[in-house]
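Per-entry structural report
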Amino acid sequence: MSNLYPGIIRKYRQYLPVAEASIVTLHEGNTPLFESVRLAKHYKLPIKLYFKLEGLNPTGSFKDRGMTYAVSKAHEARSQAVICASTGNTSAAAAAYAARMGMKAIVVVPQGKIALGKLSQAQIHGAQVFQVKGNFDQALEVVKELAENPKVTLVNSINPHRLMGQESAAFEIVESLGDAPDFHFIPVGNAGNITAYWRGFNRLHQEGKCKSLPKMCGFQAAGAAPIVLGHPVKNPDTVASAIRIGNPANWQSALDVARDSDGFIAAVDDEEILSAYRAVAQLDGYFCEPASAASIAGVLKMAKQGFFQKGQIVTCTLTGHGLKDPDIAIQQSPPPVVIEPKGAALLEHLKL
Ligand code: AN7
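Note that this is a predicted model, so its numbers are computed, not measured.

Before going further, it helps to spend a moment on the sheet that holds strand β5 (residues 128–132). Spatial strand order, β5-β4-β3-β6: four strands in an open sheet with parallel pairing. The open sheet has two edge strands, β5 and β6 (152–154), and neither has a second partner. Sheet twist, expressed as the average angle between the axes of neighbouring strands with direction ignored, equals 20°. By the bridge criterion, five bridges tie strand β4 (residues 104–110) to β5 in an arrangement that is parallel. Each residue of the ladder has a partner; that of Ile 106, found in β5, is Gln 128.

Pasting the structure below:
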């Protein structure tokens, strides 16, 4: 018998039913839960802080968990193509899973507003890529108009199969810790992922596989914080392009999760996001994308306010890999020094 890790559909078969011949996997999931050492120490956090490294999924984001199941179910339903609007990561995942299944992918992204790595993924996997003259919310309206067509399946997070797949990240956290954490911090865009985690934790709780439930703490970017403000944001703006969303698809559900878990949805500004983005890279050696750092910025913000008690267990989803958006990393770092090709020239610049 093979010991190959089979991906989340086969691992969590009882929760993700689909015909065997329709299963498409890139062996997503099984991502590490990684303890913060130097970042936690630097900020004198009283908690045990763990990062769920979702950037280590095959296309570099958590979207793979939802896409494996959404594309499998689309194939089972004899759909010919999958379609999505995206701030980048959904389109990368849709393109990759469609390629692996031999289906078409049609992706609609806001023109000039998605990270280059993500655009390159959609393109190289052979998706038909459309750039809409507008923002993500408008792109979503466009694809919803096509979703009635039985030949295509919409794979945004309004597709329930997406969220069913994404529950698997909560299952893995419970497996890693032996119980649920006290708090779970997570970035919020369309609010699909926070909804999926909460459902996942609840499922295991009902089955007696964890004794407690976490308080769910979701963070939007301040320039794109409709849930916090209580109204849609017409022109959302933030450095965290993945969560530049002004009218989230799962808005009500985010409010329900915050209420039911005794948690909250709050905002962090771009400065806080970028500071956390640099800190996790420079102190803990992990490179996440700016949107992912919103959850760490949230932890740091709450810690400053004395929110945590000593020894509490906090997990934090780092949703996507930093290599998706190298432009921001370069902007946020000192430029490389140009030198003559001589050891002495290098030595001049070193403080050894
Ligand atoms: C890195 O790809 O919406 O709250 O179209 O890429 O479940 O929407 C991406 C969202 C967080 C927010 N972090 O998750 C898309 C898209 C990263 C993301 C989110 C996204 P949701």
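So, on to the site of the ligand. By nearness alone, 22 residues border the ligand, and Asn 89, Thr 90, Gly 189, Asn 190 and Thr 319 come closest of all. Thr 90 has a polar backbone atom sitting 2.7 Å from an oxygen atom of the ligand. With respect to the ligand, the side chain of Thr 319 contributes an N or O atom lying 2.7 Å from a nitrogen atom. When the ligand is considered free in solution it has 470 Å² of accessible area, and contact with the protein chains removes 99% of it. When contributions to the shell around the ligand are tallied by element, the ones reaching two or more residues are α4 (89–101) and α9 (192–206).

With that settled, the discussion passes to the pattern of salt bridges. Summed over all chains, the structure comprises 17 salt bridges. Notably, a salt bridge pairs Lys 48 with Glu 35, separated by 3.0 Å at the nearest N-O pair. Placement of Lys 48 in strand β2 (residues 48–53) and of Glu 35 in strand β1 (residues 33–35) is noted, with a sequence separation of 13 residues between them. With a shortest N-O distance of 2.7 Å, Glu 289 and Lys 118 are connected by a salt bridge.

Packed helices, taken two at a time, are described by the angle between their axes plus the distance between the axes. Interaxial distance between α9 and helix α11 (residues 251–260) falls to 9 Å at its minimum, and their mutual angle equals 40°. Judged by the inter-axis angle, α9 sits oblique to α11. At the point where α9 passes α11, the crossing takes the left-handed sense. Touching Ile 194, Thr 195 and Trp 198 of α9 are Ser 253, Ala 254, Val 257 and Asp 260, all from α11. Taken together, the residues of the contact of α9 with α11 sort by class into four nonpolar, two polar and one charged.

Right, let's get into the environment of Lys 144. Within the secondary structure, Lys 144 sits in helix α6 (residues 136–146). Counting along the chain gives 22 residues from Lys 144 to Ala 122, while the straight-line C-alpha distance between them is 20 Å.

What follows deals with the environment of Phe 51. Inspection of the secondary structure assignment puts Phe 51 in strand β2. With 267 residues separating them in the primary sequence, Phe 51 and Leu 318 have C-alpha atoms 6.3 Å apart. Once you skip the residues sitting within four places of it in the chain, Phe 51 turns out to touch Pro 32, Leu 33, Phe 34, Ser 36, Leu 39, Val 280, Asp 284, Ile 296, Cys 316 and Leu 318.

Across its 15 residues, helix α12 (residues 270–284) extends 20 Å between first and last C-alpha, which sits within 8% of the 21 Å expected from 1.5 Å per residue. Looking at where α12 begins, the residue whose side-chain oxygen comes 3.1 Å from the main-chain nitrogen of Glu 271 is Asp 269. Gly 285 lies just past α12 and shows a positive phi near 70°.

This next bit is on a nonpolar patch on the surface. A cluster of nonpolar residues, Val 337, Ile 339, Leu 346, Leu 347, Leu 350 and Leu 352, forms a patch on the protein surface that exposes about 620 Å² of accessible area. Relative to the elements of secondary structure, Ile 339 occurs in the loop between α14 (326–331) and α15 (343–348).

Read across the open sheet, the six strands follow the order β1-β2-β10-β7-β8-β9; overall the sheet is mixed. Each having just a single partner strand, β1 and β9 (264–268) make up the two edges of the open sheet. Here the strands of the sheet are splayed against their neighbours by 25° on average, with no regard to which way each runs. Contacting β1, β2, β7 (183–187) and β10 (313–318), helix α8 (residues 168–177) crosses the sheet at an angle of about 135° to β2.

The biggest cluster of nonpolar side chains holds 42 residues, and the ones touching the most others in it are Leu 39, Leu 49, Phe 51, Phe 185, Ile 296, Val 299 and Leu 318. Top contributing element to this core by residue count: helix α13 (residues 290–304), with eight residues. In contact with Ile 296, not counting residues within four places along its chain, are Leu 39, Phe 51, Ala 276, Val 280, Cys 316 and Leu 318. Tyr 15, Tyr 69, Ala 170 and Trp 198 belong to the second-largest nonpolar core, a separate cluster that totals 31 residues.

This part takes up the pairing of β2. Each regular strand displays side chains that alternate between the two surfaces of the sheet. A large share of β2 lies buried, amounting to five of its six residues. Sheet analysis places β1 next to β2, joined by three bridges and oriented antiparallel. Looking across to β2, one finds that Glu 35 is bridged to Tyr 50. With six bridges joining them, β2 and β10 adopt parallel strand pairing.

Rules used throughout
For every chain, the first residue of the written sequence is number 1, and numbering continues from 1 along that sequence. Predicted model: local features are reported for residues with pLDDT of at least 70 only, side-chain atom pairs are reported and counted for 80 or more only, and whole-chain, interface and lining totals are derived from all residues. Side-chain metrics in this entry use all non-hydrogen atoms of the structure; hydrogen atoms and water are not considered. Pairing between strands requires that DSSP locate at least two bridges from one strand to the other. Helix numbering and strand numbering both begin at the N terminus, where a helix is a DSSP run of H or I of at least 4 residues and a strand a DSSP run of E of at least 2. Geometry is summarised by axes, namely lines fitted to C-alpha atoms with helices restricted to the contacting stretch, and by angles between N-to-C directions that run from 0 to 180 degrees. In these notes, residues near a molecule or strand are those with any non-hydrogen atom within 4 Å of it. Side-chain atoms alone can form a polar contact between residues adjacent in sequence; in general such a contact is a pair of N or O atoms within 3.5 Å, and within protein one must be able to donate a hydrogen while the other accepts it. Method for areas: the Shrake-Rupley scheme with a 1.4 Å probe, in which residue coverage is limited to the protein chains shown. Between Lys or Arg on one side and Asp or Glu on the other, a salt bridge is scored when a side-chain nitrogen of the former is within 4 Å of a carboxyl oxygen of the latter. The cut-offs work like this: below 35 degrees is roughly parallel, past 145 is roughly antiparallel, 65 to 115 is roughly perpendicular, and the gaps in between are oblique. Left-handed describes a crossing whose near helix is turned anticlockwise from the far helix through less than a right angle; right-handed describes the clockwise counterpart. Note on contacts: a residue pair is in contact if any heavy atoms of the two residues lie within 4.5 Å. Under the scheme applied here, ten amino acids are nonpolar (Ala, Val, Leu, Ile, Met, Phe, Trp, Tyr, Cys and Pro), four are charged (Asp, Glu, Lys and Arg), and all others, including Gly, are polar. Expected helix span is given by 1.5 Å per residue-to-residue step, counting one fewer step than there are residues. Patches were defined on residues exceeding 30% relative accessible area and lacking a salt bridge, with like-charge contacts within 9 Å and nonpolar side-chain contacts (Val, Leu, Ile, Met, Phe, Trp, Tyr) within 5 Å. In this description, a nonpolar core means a group of buried Ala, Val, Leu, Ile, Met, Phe, Trp, Tyr and Cys residues linked to one another through side-chain atoms lying within 4.5 Å. Remark: exposure states derive from per-residue accessible area (1.4 Å probe, protein chains only) relative to the maximum for the residue type, with buried under 20%, exposed over 50%, and partly exposed in between.

So yeah, pure geometry; function would need other evidence.
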